[in-house]
Amino acid sequence: MLGDVVFVQLPDVGDTVTAGETCGEPESTKAVSDLHSPVTGEVVAANQNVVDDPAVVNSTPFEGG
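Residue positions within a chain follow its written sequence, with the count starting from 1. The predicted nature of this model means local features are confined to residues of pLDDT at least 70 and side-chain atom pairs, given and counted, to a pLDDT of 80 or more, with totals for whole chains, interfaces and linings taken over all residues. Think of the side-chain values as coming from all heavy atoms in the structure, minus any hydrogens and water.

### Description of the overall build of the protein
Within the protein one finds 2 helices and 5 strands. Along the chain direction, N to C, the helices and strands of the protein fall in the order β-β-β-β-β-α-α. The C-alpha atoms of the protein give 12 Å as radius of gyration, which agrees with the globular expectation for 65 residues (11 Å, within 12%). Along the first, second and third principal axes, the C-alpha set of the protein runs to 30 × 20 × 15 Å. Taken over 65 residues, the protein has a buried fraction of 22%. Contacts: residue pairs with any heavy atoms within 4.5 Å of one another. Across the protein, the fraction of contacts at a sequence separation of at least 24, relative to all contacts at a separation of at least 6, is 40%. On the protein, roughly 4500 Å² of surface is accessible, and the fraction owed to carbon and sulfur atoms is 53%. A run of H or I in DSSP counts as a helix once it spans at least four residues, and a run of E counts as a strand once it spans at least two, with each numbered from the N terminus. In this setup the radius of gyration rests on C-alpha atoms only. A globule is expected at 2.2 Å times the number of residues raised to 0.38. Note on exposure labels: buried denotes an accessible area under 20% of the residue type's maximum, exposed denotes more than 50%, and partly exposed covers the range between, all computed with a 1.4 Å probe on protein chains only. All accessibility values rest on the Shrake-Rupley procedure with a 1.4 Å probe; residue burial counts only the protein chains present in the view.

Below you can see the structure in the form of structure tokens.
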């Protein structure tokens, strides 16, 4: 729905997130959207591949994105 993703902001490892609250944002050529946490807890890992190369979300969403 967003189109080609060109930027992704994810929470940092160690951050605390709350279910339903905004914790990051994907940006596409069309729009910026909020990323909402599905659960409450501490971030223990983040997909650095997506931050380094947001296009991976478009090309391989299930393998690397």
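Next comes the rest of the write-up.
### Remarks on the confidence of the model for the protein
The predictor rates its confidence in each residue with pLDDT, a number between 0 and 100. Residues at a pLDDT of 70 or more form 100% of the protein, whose mean pLDDT is 92. The secondary structure element of the protein with the lowest average pLDDT is helix α2 (residues 56–59), at 88, and the one with the highest is strand β5 (residues 41–42), at 98.

### Focus: the environment of Val-13
With respect to the element layout, Val-13 can be found in the loop between β1 (5–9) and β2 (16–17). Residue classification places Val-13 among the exposed positions, given a relative accessible area of 56%. If we ignore the near neighbours within four places in the chain, the residues touching Val-13 are Val-43, Val-44, Ala-45 and Ala-46.

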